[in-house]
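Structure assessment
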Amino acid sequence: MGKRIFALMVKEFLALLKDKKGRLVLIVPPLIQLLVFGYAATFDLKHVPFAVYSEDKGSVSRDLVAAFSGASSFSLQAELANEKSISSLIDKRQVLMVLRIGPNFSSSLLQGRPSPIQIIVDGRNSNTAMLVVNYSGTILKKFNEAWASSHGGSIPVRIEARAWFNPNLESRWFFIPGIVGLLTLLVTMLVTALSVAREREQGTFDQLLVTPMSPVEILIGKALPGFLIGMLEATVITLAAVFWFHVPLLGSILTLYVGIFLFLLSAVGVGLMISSIAVTQQQGLLGAFFFMVPAIILSGFATPIRNMPTIVQDITLINPMRYFLIMLRGVFLQGTPFPLLLPELWPLAAIGIVCLAIAGWLFRNRMY
Amino acid sequence: MNRRLGGLIKKEFLQIVRDPSSIAIAFLMPLVLLLLFGYGVSLDSEHIPIGVVMEKQNADASNFASIFHDSRYFSTRYYRSTRSATDAMISGKINAIVVLKQDFSRRIGHDAPVQLILNGVDENTARIVSGYVDGAFQKWLERDAAMRGLPLETPVRIEQRIRFNSELRSRNFLVPGLVAVIMTLIGALLTALVMAREWERGTMEALLVTPVSMGEVILGKLIPYFLLGMGGLALSVAMALWLFEVPLRGSIWVLFAASSLFLVTALGMGLFISSIAKSQFVAGQIAIIGTFLPAFILSGFIFDINSMPKIVQFITHIIAARYYVAILQTLFLAGNEWSVILPNAGALVLLSVLFFGLTWKNTRKRLE
């Protein structure tokens, strides 16, 4: 039995790697994607162009403007002379935000009365707008604390915020473990979704079914290449994440690989299931595409699952990517120990076994 | 010439109608993507679970903790010790911990420290939580000052005004941006696939020995897929306006004119890809990596272009979707702002000339 499975596996590898383009497709695109995603996918705001419209001539307003323009992510583009240019600058996308200081700002502050300032933000990208508001709030909080302590006031309660697991709140640390999952899924699906469909298209699958091989043997022989290639892909990308992008890997390597193993089980299962339904390679590819897009969008890769409507949250329970991403981020950044990951690991195993069983059943029962 | 062109167009339409995968890409995929993004994806966080630890329970501490309880942005859970709250945070049950120390009520009024521990793994949520905590804290300060009859101790206070999207609904920018992804899918991916199919099957050479000129062959492809793309656009705009209730503040005619321009550019990219890749598999891969993924990641659709590294920002200049996303977000949320629309439309014209020129050069070479 072992020898027959081995022979089928060798044949699968040959079919995948025989031509140059096939080999390139497995290696080059994932690396390009890792680089582009890794550098481009970030929610950090590093450059907020802003303008100031100040009707106040006092020194306090200058200090306040300096507090903003001195912040690393803000850059002062213009000091406006009239109110009209506020909206035109924002509408033209020349600045993201305008800081507006009223005429009596300094004098009323010096008399001990609270003074409002206004920020006007471009809301076309609501996430960016919210971040700009948050960043401004942080700058102002520091300004207020400094002002209060230098003018004899005291703050009743002070909030000291600290972020664990990612002290500088780097977006990249959040996205790159996700990309490990994304690319592992992509490559594994590409390999397995075509494996049965290719044979169906060429008619060789019927021949395979009349050999002494049992469906279980065929299943293992078809599953192993995707499994090994996925394992290799995950290893390469993990190495790149740690040594190129310097994302910390705090958890144990063994836990990480148990997770990768179980995820590959489910990815290969879904891939083979799609492949055994498809009649042509094009259908196989399209099926994989139709599975992957929702699987990625509903995985918590870029937006939290918690924000989704309840019914969509329930749908994500059958999405293997969901569990894999929680597990990856846990192992990479939190160093989550194995027992705490069990709630993510058993669903992966269950999805994998169910899909593989369906794929094996379809081998025999879907004939053309 | 008209009859020949008519024949080609008719043939193309027959192929579209007969091949379910073209229809799937043109109509099913937009539907799935819009539903997923419209309902599934949201960056608007409400009811974020946070843990509160009161080391000593008393009136002051409960009074302070109630600010989180009253805010719609949080759903609060109480823990007895920092340790049990930490375990809950590591296993993902809560996103942040607020710790009120033993001496909180003794030190209140004189800089009493409150610890806010954020889970930095999802750094975007961490920033949002930190902003909301500051907001809730501000309210507490006001309430506290009013209760004690003291003047409010925040010297400067921010009033925010968000233009174009005052409630910061993320759907309002995600749905218009998605239109660019969908048009890219139809224009570039579908066209690249169908042109590659002609080369793969050898029917392209057959076409070229007929009296049909190269220009007619290209037009015969462009017109049907242009119409298909406009159909996809109409579907997307209708869903955006009526299902997702995104406002359209600009003119619908400008929207359709800009979209036709982008669609022509996308078709140009598709033709160019098929002129360098002969097989469907490779053309599909290049189209996904060269057009579909950049439309997602490098277009400013989700991630802020200004915050990307300089070299990645430079690359975004050759991504057509970048210009279209800018036009879409402005047209939907801001209105007919010509100073944004015209330069971006100009860039689209240049890019389409570039891609058609390259295609022309490549195809002619092949015929020699």
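In this numbering scheme, every chain counts its residues from 1 along its sequence in written order. Key to labels: chains lettered from A, ligands numbered from 1, both in the order written. Confidence filtering applies because this is a predicted model: local features only for residues at pLDDT of at least 70, side-chain atom pairs given and counted only at 80 or more, and all residues used for totals across whole chains, interfaces and linings. Excluded from the side-chain calculation are hydrogens and water; included are all heavy atoms of the structure.

Side note on the overall build of chain B
What counts, and what does not: The helix and strand labels rest on DSSP assignments: H or I over at least four residues marks a helix, E over at least two residues marks a strand, and numbering proceeds from the N terminus. Our radius of gyration looks at C-alpha atoms and nothing else; its globule reference is 2.2 Å times the residue count to the power 0.38. Using a 1.4 Å probe on the protein chains alone, a residue whose accessible area is under 20% of its type maximum counts as buried, one over 50% counts as exposed, and one in between counts as partly exposed. The protein chains shown are the only cover counted for residues, whose accessible areas, like all others here, come from Shrake-Rupley with a 1.4 Å probe.
What chain B contains, in helices and strands, is 14 helices and five strands. For chain B, the C-alpha radius of gyration of 28 Å lies well beyond 21 Å, the compact-globule estimate for 368 residues. Expressed as a percentage of the 368 residues in chain B, the buried residues total 59%. For chain B, the exposed area adds up to about 15200 Å²; of that, 61% sits on carbon and sulfur atoms.

Here's the deal with the sheet that holds strand β1 (residues 48-54) of chain B
Just so we agree on the cut-off: Note on pairing: DSSP must find at least two bridges between two strands before they are called paired. To obtain an axis, a line is fitted to C-alpha atoms, over the contacting stretch when the element is a helix, and the angle between two such axes runs from 0 to 180 degrees between their N-to-C directions. We call two residues in contact when some of their heavy atoms are within 4.5 Å.
Sheet architecture is open: five strands sit in the order β5(A)-β4(B)-β3(B)-β1(B)-β2(B), paired in mixed fashion. Whereas interior strands pair on both sides, the edge strands pair on one side only; in this sheet they are β5 (157-164) of chain A together with β2 (74-79) of chain B. On average, each strand axis in the sheet is tilted by 25° relative to the strand beside it, whichever way the strands run. Two strands pair when backbone bridges link them, and β5(A) and strand β4 (residues 112-119) of chain B are joined in this way by eight bridges, in the parallel orientation. Paired with Val157(A) across the two strands is Ala112(B), which belongs to β4(B). In the packing of helix α4 (residues 82-90) of chain B onto the sheet, contacts are made with β5 of chain A together with β1, β2, β3 (96-100) and β4 of chain B, and the angle to β3(B) comes to roughly 170°.

What to know about the pairing of β1(B)
All names here are of chain B. Most of β1 sits inside the fold, with seven of its seven residues counted as buried. Here β1 pairs with β2 via six bridges, running parallel. When the bridges of β2 are listed, Pro49 appears paired with Ser75. Pairing of β1 with β3 involves five bridges; the strand directions are parallel. Within β3, the position partnered with Gly51 by the bridge is Ile97.

Digging into the nonpolar core
We apply this condition: Think of a nonpolar core as a cluster: buried Ala, Val, Leu, Ile, Met, Phe, Trp, Tyr and Cys residues, connected wherever their side-chain atoms sit within 4.5 Å.
Grouped together as the largest cluster of nonpolar side chains are 190 residues, with contacts concentrated most on Val98(A), Leu33(B), Phe37(B) and Phe301(B). A total of 20 residues in this core trace back to one element, the largest contributor, which is helix α7 (residues 171-201) of chain B. Discounting residues that sit within four places of it in the chain, Leu33(B) has contacts with Val293(A), Ile297(A), Leu178(B), Val181(B), Ile182(B) and Leu185(B). In terms of nonpolar packing, the next biggest core, distinct from the first, is built from 64 residues, Leu64(A), Ile101(A), Phe104(B) and Leu168(B) among them.

Describing the packing of aromatic side chains
Aromatic ring pairs are defined here through the distance separating the ring centres and the angle between the ring planes. Condition: Stacked, tilted and edge-to-face are the three classes applied to pairs of Phe, Tyr and Trp rings, where Trp contributes its six-membered ring and a pair requires centres within 6.5 Å; stacked means planes under 30 degrees apart, edge-to-face means over 60, and tilted covers the rest. Geometrically, a lysine NZ or arginine CZ counts as sitting over a ring once it is within 6 Å of the ring centre and also within 35 degrees of the ring normal.
In the structure shown here, the tally under the stated rule is 26 aromatic pairs over all chains. When the ring of Phe50(A) is compared with that of Phe68(A), the centres are 6.2 Å apart and the planes differ by 45°; the resulting orientation is tilted. Highlighted residues: Phe50(A) in strand β1 (residues 48-54) and Phe68(A) in helix α3 (residues 59-70), separated in sequence by 18 residues. These aromatic residues form a ring-pair network of at least three members: Phe64(B), Phe68(B), Tyr73(B), Phe74(B), Phe104(B), Tyr132(B), Phe137(B) and Trp140(B). The ring of Phe174(A) has Arg329(A) sitting right over it, with the charged end atom 3.8 Å from the ring centre.

Some points on the confidence of the model for chain A
In regions of low pLDDT, the predicted coordinates are not meant to be interpreted in detail. As a reminder of what qualifies: Summary of the metric used: pLDDT quantifies the predictor's per-residue confidence within the range 0 to 100.
Confidence in the prediction of chain A, expressed as mean pLDDT, is 86, and 96% of residues score 70 or more. Considering each helix and strand of chain A separately, the mean pLDDT is smallest for β5(A), with a value of 77, and largest for helix α10 (residues 253-277) of chain A, with 94.

Let's talk about the interface of chain B and chain A
Going by this rule: Defined here as a combined quantity, buried area equals the accessible surface (1.4 Å probe) lost by two parts on assembly, summed across both. Only one rule defines a salt bridge in this text: a Lys or Arg side-chain nitrogen within 4 Å of an Asp or Glu carboxyl oxygen. N or O atoms within 3.5 Å of each other form a polar contact, as long as, within protein, one can give a hydrogen and the other can take it, and as long as residues adjacent in sequence are counted only when both atoms are side-chain atoms. When residue character is reported, Ala, Val, Leu, Ile, Met, Phe, Trp, Tyr, Cys and Pro are called nonpolar, Asp, Glu, Lys and Arg charged, and the others, Gly included, polar.
Contacts between the two partners involve 103 residues from chain B and, on the opposite side, 96 residues from chain A. Here chain B meets chain A over a buried area of about 8900 Å², counting both sides, of which 65% is carbon and sulfur. Our count for the chain B to chain A interface comes out at one salt bridge. The closest approach of N and O atoms between Asp134(B) and Lys141(A), which form a salt bridge, is 3.3 Å. At the boundary of chain B and chain A, one finds 15 residue pairs in polar contact (both at pLDDT 80 or more). Examining the composition of the side of chain B that touches chain A, we find that 14 residues originate from one element, helix α6 (residues 123-148) of chain B, more than from any other. Per-class residue counts for the side of chain B that touches chain A are 59 nonpolar, 28 polar and 16 charged. As paired elements, strand β4 (residues 115-122) of chain A and strand β5 (residues 156-163) of chain B share eight bridges and run parallel to each other. Opposite Ile117(A), over in β5(B), you have Ile158(B) as the bridge partner.

So, the domain arrangement of chain B
The condition that has to hold: Here the limits of each domain have been adopted from an automatic or database domain assignment.
Structurally, chain B comprises domain 1 (2-41 + 169-367) and domain 2 (48-148). Computed from C-alpha coordinates alone, the two centres of domain 1 of chain B and domain 2 of chain B are separated by 48 Å.

Topic: the domain arrangement of chain A
When its domains are assigned, chain A resolves into domain 1 (8-41 + 170-365) and domain 2 (48-150). In this structure, domain 1 of chain A and domain 2 of chain A have C-alpha centres spaced 47 Å apart.

Observations regarding the packing of helix α7 (residues 171-202) of chain A against α10(A)
All names here are of chain A. Quick reminder of the rule: Left-handed describes a crossing whose near helix is turned anticlockwise from the far helix by less than a right angle; the clockwise case is right-handed.
Closest axis-to-axis distance for the α7/α10 pair is 7 Å, and the angle between their directions is 35°. For the pair α7 and α10, the sense of crossing is right-handed. On α10, the residues that touch Gly181, Thr184, Leu185, Thr188, Met189, Thr192, Ala193, Leu194, Ser195, Val196, Ala197 and Arg200 of α7 are Phe263, Leu264, Ala267, Val268, Val270, Gly271, Leu272, Ile274, Ser275 and Ser276. Tallied by class, the residues present in the contact of α7 with α10 amount to 13 nonpolar, eight polar and one charged.

Structural notes on the pattern of salt bridges
When their charged atoms lie close together, side chains carrying opposite charge are able to pair. All names here are of chain A. One pass over the full model with this rule turns up 15 salt bridges over all chains. Between Glu83 and Arg100 there is a salt bridge; the shortest N-O distance is 3.2 Å. Separated by 17 residues along the polypeptide, Glu83 in the loop between β2 (74-79) and α4 (84-91) and Arg100 in strand β3 (residues 97-101) bring together distant segments of the chain. One network of salt bridges, in which partners are shared, links Lys11, Glu12, Glu199 and Lys222.

Quick word on helix α9 (residues 215-243) of chain A
Our working definition: An expected span of 1.5 Å times one less than the residue number is assigned to each helix. Here the bend at a residue means the angle between the axes of two seven-residue stretches, the one that ends at it and the one that starts at it.
Counted at 1.5 Å a residue, the expected span for α9(A) with its 29 residues is 42 Å, and the 42 Å between its end C-alpha atoms agrees. Along its length, α9(A) shows its largest kink, about 25°, at Ala223(A), and proline Pro225(A) lies within four residues downstream of that point.

What about the sheet that holds β1(A)?
One open sheet holds the five strands; their spatial order is β2(A)-β1(A)-β3(A)-β4(A)-β5(B), and the pairing between them is mixed. Bordering the open sheet on either side are β2 of chain A together with β5 of chain B, each of which pairs with just one other strand. Taken pair by pair, the neighbouring strands of this sheet meet at an average axis angle of 25°, ignoring direction. Judged from the five bridges that link them, β1(A) and β2(A) form a sheet pairing that is parallel. Paired with Val52(A) across the strands is Glu79(A), a residue of β2(A). With respect to the sheet, α3(A) is in contact with β1, β2, β3 and β4 of chain A, its orientation differing from that of β3(A) by roughly 165°.

Focus: α10(A)
Note on helix geometry: an α-helix contains 3.6 residues per turn, so any two residues three or four positions apart are oriented the same way. With 25 residues, α10(A) should cover 36 Å at 1.5 Å per step; its first-to-last C-alpha distance of 36 Å lies within 8% of that length. Among the 25 residues that make up α10(A), 18 are buried, leaving the element largely enclosed by the rest of the structure.

Here we look at the packing of helix α1 (residues 2-17) of chain A against α9(A)
All names here are of chain A. Let me state the cut-off plainly: Note on angle classes: values under 35 degrees are labelled roughly parallel, values over 145 roughly antiparallel, values of 65 to 115 roughly perpendicular, and the remainder oblique.
Where α1 meets α9, the axes come as close as 8 Å, and the angle between the chain directions of the two elements is 50°. Considered as vectors, α1 and α9 are oriented oblique to each other. Helix-helix and strand crossings are classified by hand; for α1 and α9 the assignment is right-handed. For the pair α1 and α9, contact is made by Arg4, Ile5, Leu8, Met9, Lys11, Glu12, Phe13 and Leu16 and by Glu217, Ile218, Ile220, Gly221, Lys222, Leu224, Pro225, Leu228 and Ile229, respectively.

Some details on a nonpolar patch on the surface
All names here are of chain A. The following threshold applies: The patches reported here contain residues having more than 30% relative accessible area and no salt bridge. Joining distances are 9 Å for like charges and 5 Å for nonpolar side chains (Val, Leu, Ile, Met, Phe, Trp, Tyr).
Where nonpolar side chains cluster on the molecular surface, the patch consists of Leu24, Ile27, Val28, Leu31, Ile32, Leu232 and Val236 and spans about 600 Å² of accessible area. Going through the elements one at a time, α2 (20-40) and α9 are the ones with two or more residues in the nonpolar patch. In terms of residue count, the dominant contributor to the nonpolar patch is α2 (five residues). Relative to the helices and strands, Ile27 is located in helix α2.

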